[in-house]
Amino acid sequence: MIVSFQAFLRICRPLQWLKNLMLFFPPFLSGTIFTPEVAVKGIPAFSAFCLASSAGYILNDIMDSEQDRLHPTKRFRPLPSGVVSPAVATALAGFLVLAGIGVAAITQSPRFLLFLLLYLLVTAIYSLKVKDIPLLDVFCVATGFIIRLEAGGEAFAVPISSWLFLSVFLLALFLSIGKRLTEKHNLGDGAGLHRKSLAGYPDGFLEGAMYLTGGAVLVTYSMYTLSRSHLFYTVPLCCFGLLRYILRVKSGQSGDPTESLLKDIPLLLVSLAWAAIIGWRLYF
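Only a predicted model underlies this, so the values are computations on that prediction, with no experimental measurement involved.

Parameters and conventions
Residues numbered from 1 in each chain as written. Predicted model: local features only at pLDDT ≥ 70, side-chain atom pairs only at ≥ 80, totals over all residues. Heavy atoms only, no water. Salt bridge = Lys/Arg side-chain N within 4 Å of Asp/Glu carboxyl O. Helix = DSSP H or I, 4+ residues; strand = E, 2+ residues; numbered from the N terminus. Buried < 20%, exposed > 50% of the residue type's maximum accessible area, 1.4 Å probe, protein only. Core = buried A, V, L, I, M, F, W, Y, C linked by side-chain atoms within 4.5 Å. Domains from an automatic or database assignment. Contact = heavy atoms within 4.5 Å.

*Asks:* Explanation requested: the pattern of salt bridges in the structure shown.
*Replies:* Note on pairing: side chains with opposite charge can pair once their charged atoms come close. As enumerated under the stated definition, the model contains 11 salt bridges in all. Among the ionic pairs, Glu259 bridges to Lys263, the shortest N-O distance being 3.7 Å. You can see Glu259 and its partner Lys263 sitting in helix α11 (residues 257-263), four residues apart, about one turn around the helix. Taking the relative accessible area as the measure of exposure, Lys263 reaches 59% and is therefore exposed. Look at the salt bridges and you will find they share partners, linking Arg13, Asp61 and Arg77 into a network.

In structure tokens, the structure reads:
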């Protein structure tokens, strides 16, 4: 079966690689992002996680191909549409896993390699079983972001504070719940056929959980900035970003974090402003 490069690129979901920028949060927030060591260590670390995350997405697509054929938008993906066969997708996922492990083993510390292996294990467990279990599905996704954060701290030798750990975990949980809420709303009565875990969430639960985790994010991030007073001025931006995402989800728009960031202009602008203010306060 001859598969085009475009189909390979689509099944690897390169836009989702933006999530791996979490690796650079520790050096960015510690004021060391522009040191030469960050580029030397950061490029292979980022590459390793991009390879691993693409392998995870392919495995997830393989497991979901039957349900995705019934989905209004996912049916156009390479696997459910038949452009890429399961055998070819499996071979590609295996190659990406080995390539990611190889890059990490050659260029990074043993602890970083352990974080990468843990990430691969978590994504495999998620795709094979956990994604069908309410609550465990969103907690598993949030764990993936925490692993990225800790791997970044290891790669660049930057300690991760307790408040930053909690902020990232709760933010990832908040975004995952928002995405589930959007799916449940848009798919209606057939939501459980496309994602089994959605059938286990009672009406109103996901909405309440989104408000709960959103408030928790604001509190933990505020506590993080209190320990670094020069970042306190970014709290209003954090509040606006959280409320903007909630408004987007409640308006029936996509709750996918990557899509929301790239397509929602106010959310993109406030994110850039957050990064600019932190950059100015830390580096200038």
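Let us keep going from here.
*Asks:* Mind showing me how you'd approach the nonpolar core here?
*Replies:* Nonpolar side chains in soluble globular proteins tend to be buried together. Ranked by internal contacts, the top residues of the largest apolar core, which has 60 residues, are Phe49, Phe112 and Phe174. Mapped onto this core, the elements with two or more residues apiece are α2 (25-30), α3 (36-68), α5 (110-128), α6 (136-155), α7 (162-187), α9 (205-226), α10 (235-250) and α12 (265-283). Counting residues per element, this core draws most heavily on α7, at 11 residues. Counting contributing residues, this core receives three or more from each of domain 1 (7-159) and domain 2 (161-283). Not counting chain neighbours up to four residues away, the residues in contact with Phe49 comprise Asn20, Leu23, Phe112, Phe115, Leu116, Tyr119, Ile147, Arg148 and Ala151. Counting residues in hydrophobic clusters, the runner-up holds 11 residues, among them Ala7, Cys12, Val84 and Ala89.

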